[in-house]
Structures are given as structure tokens and as C-alpha cells.
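# Overview (structure and organization)
So the chains spell out like this:
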Amino acid sequence: MRYLKLQRNYSPNTLEAYKHDLDYLLSYCRQNGKEPIDMKLEDLQHFAASIHEHGVGASSQARILSGVRSFYRYLVLDGFIEDDPTELLESPQLGEHLPEVLSVEEIDMLEDCIDLSTNEGQRNKAIIEVLFSCGLRVSELVNLKLTDLYLDEGYVRVLGKGSKERLVPISPRAIHELKLWFYNRNLMNIKRGEEDYVFLNRRGSHLTRTMILIMIKRQAEAAGIKKTISPHTLRHSFATALLKGGADLRAIQAMLGHEDIGTTEIYTHIDTTTLRHEILFHHPRNIQRENTK
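This one's a predicted model, so the numbers in the text were calculated from it and none came from an experiment.

This part is about the overall build of the protein. Along the backbone of the protein there are 14 helices and 3 strands. When the 293 residues of the protein are sorted by exposure, 41% land in the buried category. Taking the intrachain contacts of the protein between residues at least 6 apart in sequence as the baseline, contacts between residues at least 24 apart amount to 53%.

Structure follows, in C-alpha cells:
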């Protein structure tokens, strides 16, 4: 954990995820009277089979095994072992999963059903607009500071994964909603040490990721949106809207803060799926459309 924190500069959330994944391995070793340092490929294959038998889903299995691989790479790096036993360890095959996205009209539906007469109403509207307009991770949003806002220049400074900074353009609509929230924010009794956070709860403390998740789900239900969405859905929607608008994939990668462009390429699949649907429904030779007449 010290290596991941100090050398790899991972965030507390990522560190906790790695620790959780390694707990599976350590528990298996204890139950089978083995030391992690003595595990061979065959032992690790049995370990992988054991987490499958416990009903862990394929994506979670893949994540756990990824954490285990990182652990053994560290053991080699630091000289605890000579050979990495995970080099030939296979992960379960994952089908391509396209994330849920919202259209601009659905984003408007989310915002339109917000009760602006409540203390949190304008704050929630600003949150939704900033998530959609800037494509922020929810962890980036809750840690956004007033000193990170360059509204006159139309940018926000974001501290992303691995403490990497990036500048992201912010739309005039999002700036407008933020300024309306600041009017309410200036009337609040803000706790000491919390003064620089952009988004606060009614007690004057900065929000948590769980608070944002609950708010988004409640707004989706109120708006009658049946899709299963989360704050990350707005990030997906941001990227998909950019791609549809003709933005370069490298530019989208930079704005999302993806280290690997392969992560960004998932949005090309979403756009292709949408394009296929549009062609099937709107082309004059399409049987589906003819049957709806």
C-alpha cells in the first residue's frame, strides 16, 4: 500500500479498491495454509476458480485478478520473488459492455424536475450541469475547489486520477447555473476548512460521492427516466455528445483525463450503435419504419 500511495501516487479510493481485492487472495492463502510469496501459477488458477465458485461476477473477477497481478509485479520489483507467477494467469472473458448514456433532452428532463424552491435545488441543478458539461468523475466533482474555477476564461482545473491535473472547458450554461448556486452558497454558514469547496451540503460541509449518487437517482426517478443511471452516466453522456458533434477522439481523451486512449474508444462503439439505430429507423428502405406507418 505504501508503494501504491507513494510511488504510483494512487488516490485513497484506488488504494482501498486494491486492498479489497488483495483481501480475497490473503483469505484464500490462510484457508489453504499457504504464503502469498510461495504461490505458483497452479495455486493462483485454483484461487481464480474459488472466487468464481463464490458467485463473484466476471467483471469483479477480472478486477480482483488485475489487483493480484499488480501485487506480484511489485513482489518481483522489490526482489521478494524472482519470477511472476501471474504472467500466464488468464482472466474471465468479458462481453463488450456499452455504458448507459443520456440524450440532451433527458439531461434537460433531469434538471427541469428539480424543485428550485428548496435549499439544495439550485445546487443540484448546477451539479448536473457541471457533470454533463465538463465530463467530470464524481470524485473530481466533490473535490472541486473555488480556486479551481477560471470562469472568466471558461475553464476549470481538475485534479484527476494519480493527482494529474487537467484543464477542462466549461460551458456558459454551466457557468450560469454555478453563479446562481453561489448566490445561495454565500448565505450559508460554512464550516471551517470547507470554505474552498464548490459544492456543500446543508451543514456547510463538502459533499460525498454517495450523496451525489442518491441525488442523481432520485432526480432520474422524478423525471420518469427508466435507465439505470449514476453520476458516471453524465460523464459517458458528455463524451458521447462530443463524439457525435465531431470532436476528435484525442481531444475527448484529454478532457476525460484517460491515460490510455483505448479507454476512450468505448465511445466510438456507442456512437456506432446509435448511428445504426438511426439508419434502421429513418432510411426510406427500412422495413421497421414501414411497419410503423
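What follows continues from the structure just given.
Take the pairing of strand β2 (residues 155-159) next. Here β2 shows a buried face lined by Val156 and Val158 and an unburied face lined by Tyr155, Arg157 and Leu159. One ladder, built from 2 bridges, connects strand β1 (residues 149-150) with β2; its direction is antiparallel. The residue bridging Leu149 from the neighbouring strand is Val156, located in β2. Here β1 folds back onto β2 in antiparallel fashion, the turn holding 4 residues, of which Gly154 has a positive phi close to 80 degrees. When β2 meets strand β3 (residues 165-169), the two strands line up antiparallel, connected through 5 bridges. Following the sheet pairing, Leu159 is matched in β3 by Glu165.

Turning our eyes to something else, we now look at the pattern of salt bridges. One pass over the full model with this rule turns up 12 salt bridges. One salt bridge connects Arg173 with Glu111, and the closest N-O pair in it is separated by 2.8 Å. With Arg173 in helix α8 (residues 172-185) and Glu111 in helix α5 (residues 104-112), this pair connects stretches of sequence that are 62 residues apart. On the basis of relative accessible area, Glu111 is assigned to the buried category, the value being 2%.

This part takes up the confidence of the model for the protein. The pLDDT averaged across the protein works out to 85; a share of 86% of its residues lies at or above 70. When mean pLDDT is taken per element in the protein, β1 scores highest with 95 and helix α14 (residues 287-292) scores lowest with 48. Within the model, pLDDT remains below 50 along residues 288-293, and this stretch shows 5 contacts once partners closer than five positions in the same chain are excluded.

What follows covers unusual backbone geometry. Phi at Asn9 takes a positive value of approximately 60 degrees, unusual for a residue other than glycine. Relative to the helices and strands, Asn9 resides in the loop between α1 (2-7) and α2 (12-31).

So, about the environment of Ile252. Mapped onto the elements of the fold, Ile252 is located in helix α11 (residues 249-256). Residues Ile252 and Ala239, spaced 13 residues apart in sequence, show a C-alpha to C-alpha distance of 6.5 Å.

Next up on the list: helix α10 (residues 231-244). The terminal C-alpha atoms of α10 lie 21 Å apart, and with 14 residues this matches the ideal 20 Å at 1.5 Å per residue to within 8%. Within α10, burial applies to Pro231, Thr233, Leu234, Arg235, His236, Ser237, Phe238, Ala239, Thr240 and Leu243. Phi for Gly246, located one or two positions after α10, is positive at around 100 degrees.

Okay, the sheet that holds β2 next. Reading across the sheet, the 3 strands line up as β1-β2-β3 and stay open at both edges, with antiparallel pairing between neighbours. Of all strands in the sheet, those with a lone pairing partner are β1 and β3, marking the two edges.

Moving on: the environment of Leu88. Locating Leu88 in the fold gives a position in the loop between α4 (58-77) and α5. A C-alpha to C-alpha distance of 9.6 Å links Leu88 and Gln45, two positions 43 residues apart in sequence.

Counting 38 residues, the largest nonpolar core has Leu178, Phe199 and Ile212 as its most contacted members. Ranked by the residues each element gives to this core, the list is headed by helix α6 (residues 121-134), at 7 residues. Once residues within four sequence positions are removed from consideration, Phe199 is found in contact with Arg123, Ala126, Ile127, Val130, Leu141, Leu178, Trp181, Ser205, His206 and Leu207. Membership of the second largest hydrophobic core comes to 17 residues, among which are Cys29, Val56, Ile64 and Tyr72.

The relative placement of two packed helices comes down to the angle between their axes together with the axis-to-axis distance. In contact at an axis separation of 9 Å, α5 and α6 are set at 160 degrees when each is read in the N-to-C sense. Comparing their axes, α6 and α5 come out roughly antiparallel. With respect to the hand of their crossing, α5 and α6 are arranged in right-handed fashion. Residues Val104, Ile107, Leu110 and Glu111 of α5 lie in contact with α6, whose contacting residues are Lys125, Ile128, Glu129 and Phe132. Counted by class, the contact of α5 with α6 contains 5 nonpolar, no polar and 3 charged residues.

About the criteria used
- Residues numbered from 1 in each chain as written.
- Predicted model: local features only at pLDDT ≥ 70, side-chain atom pairs only at ≥ 80, totals over all residues.
- Heavy atoms only, no water.
- Helix = DSSP H or I, 4+ residues; strand = E, 2+ residues; numbered from the N terminus.
- Buried < 20%, exposed > 50% of the residue type's maximum accessible area, 1.4 Å probe, protein only.
- Contact = heavy atoms within 4.5 Å.
- Pairing = 2+ DSSP bridges.
- Salt bridge = Lys/Arg side-chain N within 4 Å of Asp/Glu carboxyl O.
- pLDDT = per-residue confidence, 0-100.
- Expected span 1.5 Å × (residues − 1).
- Core = buried A, V, L, I, M, F, W, Y, C linked by side-chain atoms within 4.5 Å.
- Axes fitted to C-alpha atoms, helices over the stretch in contact; angles between N-to-C directions.
- Parallel < 35°, antiparallel > 145°, perpendicular 65-115°, else oblique.
- Left-handed = near helix turned anticlockwise from the far one by under 90°.
- Nonpolar A, V, L, I, M, F, W, Y, C, P; charged D, E, K, R; others polar.

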